[in-house]
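For reference, the chains in residue letters:
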Amino acid sequence: MFGFGNEKYIKAVNAKGIFDNTYETKLPQTVINTIILKHFETTERVPKCLFIGWDGCRADAMKYLLKSNDEKISGYNDTNIFSAVSSLKTSGGLYVTYAGGEEDSPQETSTAQGWASAICGKWMKKEWRYGIEWSLDESYPTAMKTLALKGYTTSFSVIWPVHFDNTYLKEIEFAQKNNLSQYYYKFELDSELHSDLLERIKSDDDFIFGIYENPDSNGHGTGFDDKNYRYVSGICNLDRLSYVLLDEIKRRPSYEEEDWLVLIASDHGGHSIRHGTQKIEDRTTFLALSKPNENFNL
(Lines give C-alpha, C1' and ligand atoms only; values in the text may rest on other atoms or scores of the structure.)
Protein backbone atom coordinates (compact mmCIF):
# COMPACT_ATOMS: atom_id res chain seq x y z
CA MET A 1 0.00 0.00 0.00
CA PHE A 2 1.46 3.33 -1.04
CA GLY A 3 1.87 6.08 1.49
CA PHE A 4 0.41 9.55 0.93
CA GLY A 5 3.57 10.85 -0.73
CA ASN A 6 3.66 7.96 -3.22
CA GLU A 7 -0.04 8.33 -4.07
CA LYS A 8 0.46 12.03 -4.80
CA TYR A 9 3.50 11.35 -6.96
CA ILE A 10 1.75 8.64 -8.97
CA LYS A 11 -1.29 10.87 -9.47
CA ALA A 12 0.93 13.60 -10.93
CA VAL A 13 2.65 11.12 -13.27
CA ASN A 14 -0.66 9.57 -14.33
CA ALA A 15 -2.38 12.90 -15.07
CA LYS A 16 -4.08 12.59 -18.47
CA GLY A 17 -2.39 14.38 -21.32
CA ILE A 18 1.21 14.12 -20.13
CA PHE A 19 2.57 10.59 -20.56
CA ASP A 20 1.57 8.03 -23.20
CA ASN A 21 1.73 5.22 -20.65
CA THR A 22 1.15 5.09 -16.91
CA TYR A 23 3.21 4.60 -13.80
CA GLU A 24 1.84 1.04 -13.65
CA THR A 25 3.04 0.29 -17.21
CA LYS A 26 6.39 2.08 -16.93
CA LEU A 27 9.31 0.83 -19.03
CA PRO A 28 12.83 0.00 -17.81
CA GLN A 29 15.39 2.59 -18.87
CA THR A 30 17.34 -0.26 -20.49
CA VAL A 31 14.97 -0.06 -23.51
CA ILE A 32 16.88 3.02 -24.67
CA ASN A 33 19.77 0.93 -26.02
CA THR A 34 17.31 -1.31 -27.89
CA ILE A 35 15.49 1.67 -29.42
CA ILE A 36 18.72 3.26 -30.64
CA LEU A 37 20.12 0.11 -32.22
CA LYS A 38 16.79 -0.83 -33.85
CA HIS A 39 16.63 2.60 -35.43
CA PHE A 40 20.00 2.07 -37.11
CA GLU A 41 19.01 -1.42 -38.22
CA THR A 42 15.59 -0.65 -39.71
CA THR A 43 15.61 2.79 -41.33
CA GLU A 44 15.85 2.99 -45.14
CA ARG A 45 17.37 6.49 -45.15
CA VAL A 46 20.68 7.60 -43.65
CA PRO A 47 20.33 6.86 -39.90
CA LYS A 48 21.18 9.58 -37.40
CA CYS A 49 20.48 9.83 -33.68
CA LEU A 50 20.67 12.49 -30.99
CA PHE A 51 20.33 11.33 -27.38
CA ILE A 52 19.94 14.24 -24.95
CA GLY A 53 20.46 13.40 -21.28
CA TRP A 54 18.88 15.49 -18.50
CA ASP A 55 20.77 14.32 -15.44
CA GLY A 56 18.62 14.12 -12.31
CA CYS A 57 15.33 15.24 -13.87
CA ARG A 58 12.30 13.87 -12.04
CA ALA A 59 9.47 12.47 -14.16
CA ASP A 60 6.80 14.54 -12.38
CA ALA A 61 8.51 17.72 -13.67
CA MET A 62 6.97 16.98 -17.08
CA LYS A 63 3.74 18.60 -15.87
CA TYR A 64 5.50 21.95 -16.19
CA LEU A 65 6.39 21.30 -19.83
CA LEU A 66 3.09 19.85 -21.05
CA LYS A 67 -0.55 20.67 -20.55
CA SER A 68 -2.45 18.09 -18.51
CA ASN A 69 -6.20 17.62 -18.77
CA ASP A 70 -6.21 17.93 -14.99
CA GLU A 71 -5.73 21.61 -14.15
CA LYS A 72 -5.04 20.69 -10.52
CA ILE A 73 -1.86 18.98 -11.75
CA SER A 74 -0.42 21.44 -14.25
CA GLY A 75 -2.55 24.52 -13.72
CA TYR A 76 -3.65 26.51 -16.75
CA ASN A 77 -0.41 25.69 -18.55
CA ASP A 78 -0.34 26.11 -22.32
CA THR A 79 2.08 23.97 -24.27
CA ASN A 80 5.18 25.92 -25.26
CA ILE A 81 5.74 25.75 -29.02
CA PHE A 82 9.48 25.95 -28.33
CA SER A 83 9.43 22.95 -25.99
CA ALA A 84 11.63 20.01 -26.99
CA VAL A 85 9.64 17.52 -24.92
CA SER A 86 6.35 18.75 -26.36
CA SER A 87 7.75 18.51 -29.88
CA LEU A 88 8.92 14.93 -29.36
CA LYS A 89 5.65 13.89 -27.73
CA THR A 90 3.74 15.23 -30.74
CA SER A 91 5.80 13.29 -33.29
CA GLY A 92 6.54 10.24 -31.15
CA GLY A 93 5.72 9.91 -27.49
CA LEU A 94 6.56 10.57 -23.85
CA TYR A 95 6.91 7.56 -21.56
CA VAL A 96 7.30 6.84 -17.87
CA THR A 97 10.44 4.77 -17.28
CA TYR A 98 12.29 3.55 -14.23
CA ALA A 99 15.85 3.32 -12.96
CA GLY A 100 17.33 1.32 -10.11
CA GLY A 101 17.07 -2.23 -11.44
CA GLU A 102 14.27 -4.65 -10.67
CA GLU A 103 12.70 -5.10 -7.25
CA ASP A 104 14.43 -8.45 -6.68
CA SER A 105 17.78 -7.07 -7.87
CA PRO A 106 17.98 -3.35 -7.10
CA GLN A 107 20.85 -1.08 -8.07
CA GLU A 108 21.66 2.45 -7.02
CA THR A 109 19.62 5.18 -8.62
CA SER A 110 22.77 7.12 -9.35
CA THR A 111 24.34 8.80 -12.37
CA ALA A 112 26.87 6.16 -13.41
CA GLN A 113 24.44 3.27 -13.08
CA GLY A 114 21.55 5.13 -14.70
CA TRP A 115 23.26 6.24 -17.87
CA ALA A 116 25.21 2.98 -18.20
CA SER A 117 22.00 0.94 -17.92
CA ALA A 118 20.34 3.11 -20.56
CA ILE A 119 23.19 3.13 -23.06
CA CYS A 120 24.20 -0.55 -22.55
CA GLY A 121 20.68 -2.00 -22.34
CA LYS A 122 21.52 -3.98 -19.19
CA TRP A 123 21.18 -3.37 -15.48
CA MET A 124 24.51 -2.85 -13.82
CA LYS A 125 25.97 -5.33 -11.32
CA LYS A 126 24.69 -4.92 -7.76
CA GLU A 127 28.20 -4.69 -6.37
CA TRP A 128 29.03 -1.72 -8.62
CA ARG A 129 28.53 1.30 -6.39
CA TYR A 130 28.69 5.04 -7.07
CA GLY A 131 30.44 4.56 -10.42
CA ILE A 132 33.84 5.39 -9.00
CA GLU A 133 35.15 1.86 -8.44
CA TRP A 134 34.35 0.22 -11.76
CA SER A 135 34.60 0.47 -15.54
CA LEU A 136 32.34 -1.18 -18.10
CA ASP A 137 33.96 -4.29 -19.54
CA GLU A 138 33.44 -6.08 -22.87
CA SER A 139 30.24 -7.73 -21.59
CA TYR A 140 28.61 -4.28 -21.28
CA PRO A 141 29.09 -2.61 -24.70
CA THR A 142 27.47 0.78 -25.10
CA ALA A 143 25.46 1.84 -28.14
CA MET A 144 28.43 4.09 -28.97
CA LYS A 145 30.77 1.10 -29.20
CA THR A 146 28.29 -1.16 -31.00
CA LEU A 147 27.65 1.46 -33.68
CA ALA A 148 31.33 2.44 -34.00
CA LEU A 149 32.22 -1.22 -34.64
CA LYS A 150 29.74 -1.10 -37.55
CA GLY A 151 31.48 1.89 -39.05
CA TYR A 152 29.36 4.72 -37.68
CA THR A 153 30.84 7.83 -36.08
CA THR A 154 29.71 8.24 -32.47
CA SER A 155 30.32 10.91 -29.84
CA PHE A 156 29.76 11.26 -26.09
CA SER A 157 29.87 14.79 -24.59
CA VAL A 158 29.69 15.21 -20.81
CA ILE A 159 30.70 17.29 -17.80
CA TRP A 160 30.97 14.79 -14.93
CA PRO A 161 34.62 13.54 -14.90
CA VAL A 162 33.79 10.08 -13.50
CA HIS A 163 32.43 9.11 -16.94
CA PHE A 164 35.99 9.36 -18.28
CA ASP A 165 37.99 8.43 -15.19
CA ASN A 166 36.07 5.25 -14.39
CA THR A 167 32.79 4.21 -15.99
CA TYR A 168 33.78 4.34 -19.68
CA LEU A 169 37.55 4.20 -19.24
CA LYS A 170 38.01 0.70 -20.68
CA GLU A 171 35.76 1.46 -23.62
CA ILE A 172 37.66 4.67 -24.36
CA GLU A 173 40.92 2.74 -24.34
CA PHE A 174 39.42 0.06 -26.63
CA ALA A 175 38.24 2.70 -29.12
CA GLN A 176 41.64 4.36 -29.20
CA LYS A 177 43.51 1.07 -29.55
CA ASN A 178 41.28 -0.09 -32.42
CA ASN A 179 41.04 3.31 -34.16
CA LEU A 180 37.25 3.43 -33.89
CA SER A 181 35.35 6.58 -34.83
CA GLN A 182 34.14 6.79 -31.24
CA TYR A 183 34.89 10.12 -29.60
CA TYR A 184 34.57 11.50 -26.07
CA TYR A 185 34.43 15.18 -25.13
CA LYS A 186 34.75 16.70 -21.64
CA PHE A 187 33.44 20.14 -20.63
CA GLU A 188 33.13 22.24 -17.49
CA LEU A 189 29.76 23.93 -18.01
CA ASP A 190 26.38 23.15 -19.57
CA SER A 191 26.81 26.18 -21.84
CA GLU A 192 30.04 24.69 -23.24
CA LEU A 193 28.40 21.32 -23.70
CA HIS A 194 25.45 22.94 -25.49
CA SER A 195 27.77 24.67 -27.96
CA ASP A 196 29.55 21.38 -28.59
CA LEU A 197 26.29 19.52 -29.29
CA LEU A 198 25.38 22.16 -31.86
CA GLU A 199 28.76 21.54 -33.52
CA ARG A 200 28.29 17.78 -33.35
CA ILE A 201 24.96 18.16 -35.17
CA LYS A 202 26.55 20.35 -37.84
CA SER A 203 29.31 17.77 -38.30
CA ASP A 204 28.80 14.30 -39.72
CA ASP A 205 28.46 12.38 -36.44
CA ASP A 206 25.94 9.54 -36.79
CA PHE A 207 25.19 9.08 -33.09
CA ILE A 208 25.44 11.96 -30.62
CA PHE A 209 25.01 11.53 -26.86
CA GLY A 210 25.26 14.54 -24.56
CA ILE A 211 24.37 14.92 -20.88
CA TYR A 212 23.33 18.24 -19.31
CA GLU A 213 23.93 18.50 -15.55
CA ASN A 214 21.58 21.40 -14.73
CA PRO A 215 18.73 19.44 -13.05
CA ASP A 216 21.09 17.33 -10.94
CA SER A 217 23.16 20.34 -9.86
CA ASN A 218 20.05 22.28 -8.86
CA GLY A 219 18.66 19.25 -7.05
CA HIS A 220 21.77 18.69 -4.96
CA GLY A 221 22.09 22.40 -4.29
CA THR A 222 18.50 23.43 -3.58
CA GLY A 223 16.39 20.26 -3.56
CA PHE A 224 14.90 17.69 -5.95
CA ASP A 225 11.33 18.92 -5.56
CA ASP A 226 8.61 19.71 -8.07
CA LYS A 227 7.70 22.72 -5.89
CA ASN A 228 11.27 24.09 -5.86
CA TYR A 229 11.26 26.95 -8.37
CA ARG A 230 15.05 26.77 -8.89
CA TYR A 231 14.86 23.10 -9.77
CA VAL A 232 11.79 23.50 -11.99
CA SER A 233 12.97 26.66 -13.79
CA GLY A 234 16.26 24.92 -14.58
CA ILE A 235 14.35 22.08 -16.24
CA CYS A 236 12.13 24.50 -18.19
CA ASN A 237 15.19 26.36 -19.45
CA LEU A 238 16.85 23.10 -20.44
CA ASP A 239 13.70 22.15 -22.37
CA ARG A 240 14.08 25.30 -24.47
CA LEU A 241 17.81 24.72 -24.96
CA SER A 242 17.07 21.20 -26.18
CA TYR A 243 14.58 22.63 -28.66
CA VAL A 244 17.44 24.64 -30.17
CA LEU A 245 19.19 21.31 -30.85
CA LEU A 246 16.09 19.95 -32.60
CA ASP A 247 15.94 23.08 -34.73
CA GLU A 248 19.62 22.73 -35.64
CA ILE A 249 18.97 19.20 -36.94
CA LYS A 250 16.38 20.54 -39.38
CA ARG A 251 18.89 23.11 -40.64
CA ARG A 252 21.24 20.43 -41.95
CA PRO A 253 21.58 20.60 -45.76
CA SER A 254 21.23 16.81 -45.92
CA TYR A 255 18.24 16.64 -43.54
CA GLU A 256 15.78 15.37 -46.17
CA GLU A 257 18.01 12.38 -46.94
CA GLU A 258 18.42 11.50 -43.26
CA ASP A 259 16.26 9.74 -40.71
CA TRP A 260 16.81 11.32 -37.29
CA LEU A 261 15.80 9.66 -34.04
CA VAL A 262 15.87 12.04 -31.08
CA LEU A 263 15.58 10.94 -27.46
CA ILE A 264 15.49 12.91 -24.22
CA ALA A 265 15.75 10.99 -20.95
CA SER A 266 16.84 11.16 -17.32
CA ASP A 267 19.14 8.77 -15.49
CA HIS A 268 17.40 9.02 -12.09
CA GLY A 269 15.12 11.30 -10.11
CA GLY A 270 15.75 12.56 -6.61
CA HIS A 271 14.34 13.57 -3.23
CA SER A 272 15.45 16.16 -0.70
CA ILE A 273 18.99 16.96 -1.93
CA ARG A 274 19.96 13.42 -2.87
CA HIS A 275 19.17 10.27 -4.85
CA GLY A 276 20.49 6.72 -4.99
CA THR A 277 17.72 5.03 -2.99
CA GLN A 278 14.76 2.93 -4.06
CA LYS A 279 12.31 5.74 -3.24
CA ILE A 280 9.70 6.28 -5.93
CA GLU A 281 11.00 9.82 -6.53
CA ASP A 282 14.48 8.42 -7.24
CA ARG A 283 13.39 5.45 -9.36
CA THR A 284 10.88 7.12 -11.67
CA THR A 285 12.38 8.57 -14.85
CA PHE A 286 11.10 9.60 -18.29
CA LEU A 287 11.81 9.06 -21.97
CA ALA A 288 10.73 11.35 -24.83
CA LEU A 289 10.98 9.88 -28.33
CA SER A 290 10.65 11.49 -31.76
CA LYS A 291 9.08 8.26 -33.06
CA PRO A 292 6.22 6.24 -31.52
CA ASN A 293 7.21 3.47 -29.14
CA GLU A 294 5.31 1.01 -31.33
CA ASN A 295 7.92 1.45 -34.08
CA PHE A 296 10.36 -0.49 -31.94
CA ASN A 297 8.02 -3.34 -30.90
CA LEU A 298 8.74 -2.88 -27.19
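Above this text sits the structure in question.
This section reports on the structure supplied with the text.

Thresholds applied
Residues numbered from 1 in each chain as written. Predicted model: local features only at pLDDT ≥ 70, side-chain atom pairs only at ≥ 80, totals over all residues. Heavy atoms only, no water. Helix = DSSP H or I, 4+ residues; strand = E, 2+ residues; numbered from the N terminus. Buried < 20%, exposed > 50% of the residue type's maximum accessible area, 1.4 Å probe, protein only. Polar contact = N/O pair within 3.5 Å; in protein donor to acceptor, adjacent residues only side chain to side chain. Contact = heavy atoms within 4.5 Å. Salt bridge = Lys/Arg side-chain N within 4 Å of Asp/Glu carboxyl O. Axes fitted to C-alpha atoms, helices over the stretch in contact; angles between N-to-C directions. Parallel < 35°, antiparallel > 145°, perpendicular 65-115°, else oblique. Nonpolar A, V, L, I, M, F, W, Y, C, P; charged D, E, K, R; others polar. Core = buried A, V, L, I, M, F, W, Y, C linked by side-chain atoms within 4.5 Å. Pairing = 2+ DSSP bridges.

### Brief notes about the side chain of Q29
Piece 1. Among the structural elements, Q29 can be located in the loop between β1 (27–28) and α2 (31–42).
Piece 2. Under the relative-accessibility criterion, Q29 is labelled buried at 1%.
Piece 3. Polar contacts involving the side chain of Q29 include one to the main-chain carbonyl oxygen of D267, which spans 3.3 Å.
Piece 4. Here Q29 is in contact with T97, Y98, A99, G100, Q113, G114, S117, A118, W123, S266, D267 and T285, once residues within four sequence places are set aside.

### A short note on the pattern of salt bridges
Piece 1. Applying the stated rule across the entire model yields 16 salt bridges.
Piece 2. For K186, the salt bridge identified is with E188, shortest N-O distance 3.4 Å.
Piece 3. Judged by its relative accessible area of 58%, E188 is exposed.

### Some details on the packing of helix α10 (residues 214–222) against helix α11 (residues 229–250)
Piece 1. In contact at an axis separation of 9 Å, α10 and α11 are set at 175° when each is read in the N-to-C sense. Classified by the angle between their axes, α10 and α11 sit roughly antiparallel to one another. Here N214, P215, N218, G219 and T222 of α10 come into contact with α11, specifically with R230, Y231, G234, I235 and L238.
Piece 2. Residue classes in the contact of α10 with α11 are distributed as 4 nonpolar, 5 polar and 1 charged.

### Digging into the nonpolar core
Piece 1. One finds F19, L50, W54, M62, L94, I264 and F286 to be the most contacted residues of the largest nonpolar core, which totals 44 residues.
Piece 2. Looking at this core, the element that brings in the most residues is α11, giving 8 residues.
Piece 3. For L94, the contacting residues outside a window of four places in its chain are I18, F19, D20, N21, M62, L66, V85, K89, F286, L287 and A288.
Piece 4. Membership of the second largest hydrophobic core comes to 39 residues, among which are C120, L136, Y184 and I211.

### What about the environment of Q182?
Piece 1. By secondary structure assignment, the location of Q182 is in strand β7 (residues 182–186).
Piece 2. For Q182, a relative accessible area of 5% puts it in the buried group.
Piece 3. Sequence-wise, Q182 and A288 are 106 residues apart; in three dimensions their C-alpha atoms are separated by 25 Å.
Piece 4. Ignoring anything within four residues of it in the chain, the contact list for Q182 reads T142, M144, K145, A148, T154, E171 and A175.
Piece 5. At a separation of 2.7 Å, a polar atom in the side chain of Q182 contacts the side chain of Y184.

### A closer look at the pairing of strand β10 (residues 284–289)
Piece 1. With 6 of 6 residues buried, β10 is to be regarded as a mostly interior element.
Piece 2. Alternating residues of β10 divide into T284, F286 and A288 and T285, L287 and L289, and every residue in both groups is buried.
Piece 3. Bridge count for strand β3 (residues 93–98) against β10 is 6 bridges, and the pairing is antiparallel. Paired with Y95 across the two strands is L287, which belongs to β10.
Piece 4. Bridge count between strand β9 (residues 258–265) and β10: 3 bridges; the pairing is antiparallel. Within β10, the residue paired with A265 across the bridge is L287.

### Focus on the pairing of strand β2 (residues 46–54)
Within a regular beta strand, the side chains point alternately toward one face of the sheet and then the other, so they alternate between its two faces.
Piece 1. Judged by how many residues are buried, β2 sits mostly within the fold: 8 of 9 residues are covered.
Piece 2. The pairing of β2 with β9 spans 8 bridges and is classified as parallel. Residue pairing across strands places G53 opposite A265, the latter belonging to β9.
Piece 3. Of the strand pairs in this sheet, β2 and strand β8 (residues 207–212) are connected by 6 bridges, and their pairing is parallel. Bridge pairing in β8 places C49 opposite F207.

### So, the sheet that holds β8
Piece 1. The sheet built from 8 strands is open, its strands ordered β1-β3-β10-β9-β2-β8-β6-β7 with mixed pairing. One side of each edge strand has no neighbouring strand; the edge strands of this open sheet are β1 and β7.
Piece 2. Across the face of the sheet, helix α4 (residues 84–91) comes into contact with β2, β3, β9 and β10 while running at roughly 105° to β3.

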